[in-house]
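# Coordinate analysis (summary)
Spelled out from the first residue to the last, the chains are:
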Amino acid sequence: MVSLVLASIDIKLIYILAAAILIAGLFLSLPVLHMFLFETNIARLEKYLSKQRKKSHMYLYYAIANRRDEEIEHLFQHMLSKYKQPQRQALYKVMYDLYHKDAASMKKQLPHIHSEKYRNYYEAFVHLEEGNLELARATAAKAAKPWMRDALLYELEMRAGNRHKAAALARQSLDSCKGIQRYIMYKNYERELPEALTGA
């Protein structure tokens, strides 16, 4: 009887310890998740991402946003050697191809992207790079998230020379996204259309 009581106490202790570890892990990861998904302050995002050199999957976004070509080459090669899942490989390859505006290579990766929202997003960029602007506009209309649609329409307006419309779309896309995606788009607009950022 005593051994059963001790055994039940040991099991309860194990459950309590496991729950405590889980809660501690959750609290430790909350700041990272917040920064990655919800932060809107560009200065905080930049400070955080610039310190992530040892975490390639995080620093990659900083390098892309700041057009650090040499680092990008190294980081993409590292990510492709580290992550072997076909879906993840396809996403990294299509990001690399988009960075280099290589529509032919992007097109080869699209069938390997399982997520329809990302496949449509990158497909619209393929159409843009190939000069199929109406097809790009139709694909952008199917975008799953407002920031995706607005970012694609921004690209269309920039190519058409409509800077005023592009600026409005840039502001809309920034207003509808957070975290790392917001940082990347902000840095892109800062380079291409700084007037879009007044008040952003």
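Shown above is the structure to which this text applies.
Here's what I pulled together on the structure shown here. None of the values given here were measured: they were computed from a predicted structure. (Residues numbered from 1 in each chain as written. Predicted model: local features only at pLDDT ≥ 70, side-chain atom pairs only at ≥ 80, totals over all residues. Heavy atoms only, no water.)

## Section: the pattern of salt bridges
Scanning all chains against the criterion turns up ten salt bridges. Here E157 and R137 are joined by a salt bridge, their closest N and O atoms 3.8 Å apart. Here the residue E157 occupies a position in helix α9 (residues 146-160), and R137 occupies one in helix α8 (residues 133-141), the gap between them amounting to 20 residues. When its relative accessible area of 9% is taken as the criterion, E157 is described as buried. (Salt bridge = Lys/Arg side-chain N within 4 Å of Asp/Glu carboxyl O. Helix = DSSP H or I, 4+ residues; strand = E, 2+ residues; numbered from the N terminus. Buried < 20%, exposed > 50% of the residue type's maximum accessible area, 1.4 Å probe, protein only.)

## Quick notes on the packing of α9 against helix α11 (residues 179-192)
Taken N-terminus to C-terminus, the directions of α9 and α11 make an angle of 15°; their axes are 12 Å apart at the nearest point. By the angle between their axes, α9 is roughly parallel relative to α11. Classified by chirality, the crossing of α11 by α9 is left-handed. Along the contact surface, α9 presents W147, A151, Y154, E155 and M158, while α11 presents Q181, M185, N188, Y189 and E192. (Axes fitted to C-alpha atoms, helices over the stretch in contact; angles between N-to-C directions. Parallel < 35°, antiparallel > 145°, perpendicular 65-115°, else oblique. Left-handed = near helix turned anticlockwise from the far one by under 90°. Contact = heavy atoms within 4.5 Å.)

## Remarks on the side chain of D150
Inspection of the secondary structure puts D150 in helix α9. Residue D150 is classed as buried on the basis of its relative accessible area, which comes to 3%. The residues touching D150, leaving out its near neighbours within four places in the chain, are L169, Q172, S173 and S176.

## Points about the nonpolar core
The tendency in soluble globular proteins is for nonpolar side chains to be buried as a group. Core analysis: the biggest nonpolar cluster contains 59 residues, and L60, Y92, M95, Y121, Y122 and Y189 have the highest contact counts within it. Aside from chain neighbours lying at most four places away, what touches Y121 is W147, M148, A151 and L152. (Core = buried A, V, L, I, M, F, W, Y, C linked by side-chain atoms within 4.5 Å.)

## Focus: unusual backbone geometry
One non-glycine residue, R67, adopts positive backbone phi at about 50°. Position of R67 relative to the elements: it lies in the loop between α3 (56-65) and α4 (69-82).

Interpretation note: all reported values are geometric properties and have no functional meaning in isolation.
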